[in-house]
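Listed below, chain by chain, are the residues.
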Amino acid sequence: QVQLVESGGGSVQAGGSLRLSCAVSGRTFSTYGVGWFRQAPGKERELLSAISWSGDIIYYTNSVKGRFTISRNNAKDTVYLQMNSLKPEDTAVYFCAVTKIGYSVSRHSYDYWGQGTQVTVSS
């Protein structure tokens, strides 16, 4: 069974940094794209960033552009989200997800999801 395990969430003061990791295991397909999403109370789940298998296609939503960086180490089946200059409005549950089509900016294209990890940013 495909499993995504997230780590690195926690509490931080405004202006601080966190690095999220997503480890993928149990896959039967050879390549995949990855997205990072978040969901705050009362809001829809939104795409923050996406990356293709080779890393040649990368997307950031405007609210995190310049502050967050997505990367991956395919030899380790691990994807990262470096989050700098965090703001209180970044507080949410963060999810990683895998799409077998290789790259997508639509949450409906993602086939597998992690359990989510809480990120809390205080002012």
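Attention here is on the structure that accompanies the text. Note that the coordinates shown come from a computational prediction; the quantities given were computed from them, not determined experimentally.

Some remarks on the environment of serine 123
Logical step 1: Following the sequence through the fold, serine 123 ends up in the segment after strand 11 (117-122).
Logical step 2: When its relative accessible area of 91% is taken as the criterion, serine 123 is described as exposed.
Logical step 3: Sequence separation between serine 123 and threonine 31 is 92 residues, and the spatial gap between their C-alpha atoms is 40 Å.
Logical step 4: In contact with serine 123, other than residues within four places in its own chain, are Ala14 and Pro88.

Re the state of the cysteines
Logical step 1: Per the counting criterion, the structure on display carries one disulfide.
Logical step 2: Linked covalently through their sulfurs, cysteine 22 and cysteine 96 form a disulfide whose S-S length is 2.1 Å. Because the sign of the S-S torsion sets the handedness, a value of about 70° for the bond joining cysteine 22 and cysteine 96 places this disulfide among the right-handed ones. Here cysteine 96 lies in strand 9 (residues 92-99) and cysteine 22 lies in strand 3 (residues 18-25), a separation of 74 residues in the sequence.

Thresholds applied
- Residues numbered from 1 in each chain as written.
- Predicted model: local features only at pLDDT ≥ 70, side-chain atom pairs only at ≥ 80, totals over all residues.
- Heavy atoms only, no water.
- Helix = DSSP H or I, 4+ residues; strand = E, 2+ residues; numbered from the N terminus.
- Buried < 20%, exposed > 50% of the residue type's maximum accessible area, 1.4 Å probe, protein only.
- Contact = heavy atoms within 4.5 Å.
- Disulfide = S-S within 2.5 Å.

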